[in-house]
Amino acid sequence: MKSPFEILAGYERRSLAHADAASAGQASAADLWRGVGFRVGDHHLVSSLTEVNEVLSFPLVTRVPGARAWLLGVASVRGNLIPLIDLKGFLSGEETSLSDSSRVLLVRQSGGSVGLLVDEVVGQRNFSAEQRVGASSPADGAVERYVVERYALGDKQWGRFSMAALVRASEFAQAAT
């Protein structure tokens, strides 16, 4: 039978071993890139947590006369008028079909915020440097212009989508027909 001292010494050894393992896990977690994962058509994309301010359900939208088809209109979000863009419509010309999984990503840009309609938001995604597989492929079309790198996670490739590049694009600012 062990003495109380030996039992306490065993607790201390296990506790210190657990603390070392936990701090090693935290160090590797600090090396992860984190973003909000979403889907636009067949494209699995992720944008930095600093670029997406909020995720919303589809709001009530008022159409804007003379606007391109991808500018769905304006919506009031907590008293602020936000232009609402169909991201798939902007990128491919194909209209997003609204469903229960459709969401709006609220993105800050100079002069205010803009809402981007996406097919689905899948939550936070974490990627390590080892998962990086390079830049986008030419087969991705217009999406390629805004994807700065790709990550492999399971059987999917996730494109890191730059919201900053999107809102700076001259064609994005040209919503009038």
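What counts as what
Residue numbers run consecutively from 1 along every chain, following the written order of its sequence. Side-chain atom pairs in this predicted model are given and counted only at pLDDT of 80 or more, local residue features only at pLDDT of at least 70, and totals for whole chains, interfaces and linings cover all residues. With hydrogens and water stripped out, all remaining heavy atoms of the structure feed into the side-chain values. Throughout, exposure labels follow a simple rule: accessible area from a 1.4 Å probe, protein chains only, divided by the maximum for the residue type, with under 20% read as buried, over 50% as exposed, and the rest as partly exposed. Only DSSP runs of H or I reaching four residues or more are called helices, and only runs of E reaching two or more are called strands; each is numbered from the N terminus. Only when DSSP finds a minimum of two bridges between them are two strands counted as paired. Contact criterion: two residues are considered in contact whenever any of their non-hydrogen atoms come within 4.5 Å of each other.

### Regarding the pairing of strand β7 (residues 112-118)
Item 1. Most of β7 sits inside the fold, with six of its seven residues counted as buried.
Item 2. Relative to β7, strand β5 (residues 80-86) is paired through three bridges, and the arrangement is parallel. Counterpart to Asp86 in the pairing with β7 is Leu117.
Item 3. Of the pairings in the sheet, the one linking strand β6 (residues 103-109) to β7 comprises seven bridges and is antiparallel in character. Opposite Arg108, over in β7, you have Ser113 as the bridge partner.
Item 4. With antiparallel pairing between neighbouring strands as the criterion, β6 and β7 make up a hairpin whose turn holds two residues, including Gly111 at a positive phi of roughly 90°.

### Let's talk about the side chain of Lys88
Item 1. Within the fold, Lys88 resides in helix α2 (residues 87-92).
Item 2. Lys88 gets classed as buried once you look at its relative accessible area, which sits at 12%.
Item 3. Beyond its immediate chain neighbours, meaning those up to four positions away, Lys88 contacts Val40, Gly41, Gly93, Glu94, Glu95, Thr96, Leu117 and Asp119.

Shape is all these values report; function is a separate question.
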